[in-house]
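Topology and contacts: notes
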Amino acid sequence: VIGMAAPGFTVSGAPTIEPEQVRVRGPKSEIEALHFLRTSAFDVAGLQEGKHSRSLTVIRPDSRIALNTSTIRATVTVVRELVELSFAHVPIAVM
């Protein structure tokens, strides 16, 4: 995830991905060395509250590795940004 949501908003949690798994096929030494696959970036610049989905390209780590899909669907949730402040040593008047 890259970029910043619209002012006053933030991305909540990690993106959800569909499908959750991608099957890879290739030389044993290459496959055993894989720990994850990369995708194109999900730019959240300017997004406001809600769920936002994008189709992202799965990047092949090597030309000898085949993937069962070339894209995944990622969804992020954008929420209003909340802040909390503590006021110390401030007189409080009861009316």
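Before going into details, it helps to say that this report is about the structure given with it.

What counts, and at which threshold
Residues numbered from 1 in each chain as written. Predicted model: local features only at pLDDT ≥ 70, side-chain atom pairs only at ≥ 80, totals over all residues. Heavy atoms only, no water. Pairing = 2+ DSSP bridges. Helix = DSSP H or I, 4+ residues; strand = E, 2+ residues; numbered from the N terminus. Buried < 20%, exposed > 50% of the residue type's maximum accessible area, 1.4 Å probe, protein only. Polar contact = N/O pair within 3.5 Å; in protein donor to acceptor, adjacent residues only side chain to side chain. Contact = heavy atoms within 4.5 Å.

Describing the sheet that holds strand β3 (residues 38-39)
Taken in spatial order, the four strands line up as β1-β6-β4-β3 in an open sheet, and their pairing is antiparallel. Of all the strands in the sheet, just β1 (9-18) and β3 have a single pairing partner and so form its edges. Note: β3 against strand β4 (residues 50-59), two bridges, orientation antiparallel. Its bridge partner lying in β4, R38 is registered against I59.

As for the environment of V83
Its place among the elements puts V83 in the segment after β6 (71-80). Judged by relative accessible area, V83 falls into the exposed class, the value being 74%. Taking the C-alpha atoms as reference points, V83 and I2, 81 residues apart in sequence, are found 22 Å from one another.

Looking at the side chain of T75
Along the chain, the position of T75 falls in strand β6. Separated by 2.7 Å, the side chains of T75 and S53 make a polar contact. Beyond its immediate chain neighbours, meaning those up to four positions away, T75 contacts P15, T16, F42, K51, H52 and S53.

Digging into the pairing of β6
Here β1 runs beside β6; their pairing, made up of seven bridges, is antiparallel. Across the sheet, S12 pairs through a bridge with T77, a residue of β6. The pairing of β4 with β6 spans eight bridges and is antiparallel. Bridged to K51 within β6 is T77.

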